[in-house]
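Residue-level listing of the chains:
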Amino acid sequence: MRPLSARLTLGTLILALALLSAIIALANTLHASYRVQREQLIGNTLEANRVYASKLAESTQNFVLSAQQQVAYSATLLGQRRHDREALEAEAARLQLQTNSFNSVLIVDAGGTVLATSPQSLALQGVLLKSSGNRDALDRRVPFISDPYESATGRLLVAISHPIFSAQGEYQGYVSGTIYLRQRSILQSLLGKHYYRDGSYLYVVDRHGRILYHIEQDRVGQFALENPAVQAVTQGHSGAQQVRNSHGVLMLAGYAPVPSVGWGVVAQRPSTATLAALSKLMSSVIWNAIPLGILSLLITWWFARRISRPLWQLARNVQNRDTGIAIRHVTGIRAWYYEVAQLRTALLYSFNLLQDRIGKLNRASMTDPLTGLQNRRGLQQGLEDWQARGQPFGIIALDIDRFKTINDRFGHAVGDAVILRIAQLMRDDARDTDLLCRNGGEEFLVLLPGIDATNAAQVAERLRVQVAAEVFEQVGTVTVSLGVAHYPTYHADPQQALRLADKALYMAKEQGRNRTVVYPQPERPGIGQDGAR
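Residues numbered from 1 in each chain as written. Predicted model: local features only at pLDDT ≥ 70, side-chain atom pairs only at ≥ 80, totals over all residues. Heavy atoms only, no water.

A. Region of the structure containing the nonpolar core. Residues Phe 102, Ile 107, Val 175, Ile 179 and Trp 263 are the most contacted members of the largest nonpolar core, which totals 38 residues. Looking at this core, the element that brings in the most residues is helix H1 (residues 2–80), giving 9 residues. Contact partners of Trp 263, with chain neighbours within four places excluded, come to Thr 60, Val 64, Ile 145, Val 158, Leu 187, Val 204, Val 205, Asp 206, Arg 207, Leu 212, Pro 257 and Val 258. With 31 residues, the next largest nonpolar core counts Phe 403, Ile 419, Ala 423 and Leu 448 among its residues. (Core = buried A, V, L, I, M, F, W, Y, C linked by side-chain atoms within 4.5 Å. Buried < 20%, exposed > 50% of the residue type's maximum accessible area, 1.4 Å probe, protein only. Helix = DSSP H or I, 4+ residues; strand = E, 2+ residues; numbered from the N terminus. Contact = heavy atoms within 4.5 Å.)

B. A nonpolar patch on the surface, seen in detail. Together, Ile 286, Trp 287, Ile 290 and Ile 294 line one region of the surface with nonpolar side chains, adding up to about 410 Å² of accessible area. Within the element layout of this structure, Ile 290 appears in helix H6 (residues 271–304). (Patch = residues over 30% accessible without salt bridge, like charges linked within 9 Å, V, L, I, M, F, W, Y side chains within 5 Å. Areas by Shrake-Rupley, 256 points an atom, 1.4 Å probe, with all protein chains shown as cover. Salt bridge = Lys/Arg side-chain N within 4 Å of Asp/Glu carboxyl O.)

C. Representation of the side chain of Arg 210 in the model. The topology assignment puts Arg 210 in the loop between strand S7 (201–205) and strand S8 (211–213). It turns out Arg 210 is buried and unbridged, and the closest side chain with the opposite charge, Glu 150, is 5.5 Å from it. In terms of polar contacts, Arg 210 uses its side chain to reach the backbone carbonyl oxygen of Pro 148, at 3.4 Å. Setting aside its immediate chain neighbours within four residues, Arg 210 contacts Pro 148, Leu 156, Val 204, Val 205, Gly 221, Gln 222 and Phe 223. (Lys, Arg positive; Asp, Glu negative; His and termini not counted. Polar contact = N/O pair within 3.5 Å; in protein donor to acceptor, adjacent residues only side chain to side chain.)

D. Looking closely at the environment of Val 64. With respect to the helices and strands, Val 64 occurs in helix H1. It is 8.6 Å that separates the C-alpha atoms of Val 64 and Ile 160, two residues lying 96 residues apart in sequence. Here Val 64 is in contact with Ile 145, Ser 260, Val 261 and Trp 263, once residues within four sequence places are set aside.

E. Spatial organisation of unusual backbone geometry. The step from Ser 118 to Pro 119 runs through a cis peptide bond, and the omega angle for that step is 5°. Inspection of the secondary structure puts Pro 119 in the loop between strand S2 (114–118) and helix H3 (132–140). Going from Tyr 519 to Pro 520, the amide bond is cis rather than trans, its omega being 0°. Take Pro 520: it is sitting in the segment after strand S18 (516–518). Its identity as a non-glycine residue notwithstanding, Asn 100 has a phi of 60°, on the positive side. Mapped onto the elements, Asn 100 comes out in the loop between helix H2 (85–99) and strand S1 (104–109). Asn 100 gets classed as exposed once you look at its relative accessible area, which sits at 57%. Phi is positive for Asn 514, which is not a glycine, with a value near 55°.

What follows is the structure, encoded as structure tokens:
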């Protein structure tokens, strides 16, 4: 009896160690999967914030150029002839109220004395200005945008100034439009809505790293040069990186410069908000796997006291870290009695459940959570596969016209519903082999294997007509602009071919929206009806 008892005890011990190894292997698999998904989520969020910051920097750039043009036009009018005080005040009021770009407007003579203001409640007429912005404007006598400074009224502001010259070239002073940094201003209107409950926000710095806009008003006017993202963007770089904000919170920051003025836009999101969904999914996987694992362990322990050989074979194969190989080996074990057959079935179920969970994680990492279309990672994988097989394909770049207006007017929930409906229209018109991708925000890509640019343009135009004919709840009519290119006809590099389709999309935008444009731009304006600007 002792040898038998010792043999059974040894078999039980071997099996217990094997099961422990299997649990460690499964834990390592889950941990490795979590790490991979985590890095992908962080990378995707960094890239999304970089693109977002670039778009806001472009919007800010367009505003600055427009504001400079307005001030330049006013300076030209003032330099054409002499004006009395009433005319100067009227011009100052026109410049301030026409576009609401400036909090105030000043017209100053060559000696630095204020001739007119808007609003007149500033009470600066006849006052000799001594601020740094005034000195710079008088000394430079060129169009420029000031650094932040304290005005004569005690406000922190930036000034967009333009010199006034007479028809004979005589310097007569300057006209200046100001933007307040701590009060309601155009910067608040342009950037103030970009704040979310998950802790995401953005801010703007000048070329010296001084904060011009921030959701925390007390931060405005402070310097943030200790922030690596600010250091990079003030040097004119665009990119993304992980940083800690002033409260010590780890943020995923994307940044882009505003070239014309040397400012920088930084958009960031807390790491915890980005990883929250992944942590919840992994917890669900683990908690669902624990009961089955415990049950398998108890059953296996009981059977190990009666038989060792088949169970030792099972334990040996469970240690295999490759679940696919393990499934094949366990399936091949000869289950010559009922108990082993049941245990083998339980182990196979466990492995299949794990593979299914990991497969869901992989699929989730390649699809857009809102629409279910492919995300950038899924797009990249599809492109690499098609390129390796030499598969030509047509490219359609699609963008929802005036989507920001929809979000601003009806809210993000309605905006999301519009995105979902357009994604469904894309699916309804697609083949099984087509690759549909949400490229970010309101932008989509459709890749059509085996279709040339002409047929791709027909598909794009059909989709444009379908969207224009759709009636969206609350919103009504929505239009899209589309750009078409082809790989490899247009470019031997798939990424470059995608950029050409994107360029064609912006041509469609510039030509009035609600149209399809094939790159290179044809002589006629494009396919479709003119959209309202």
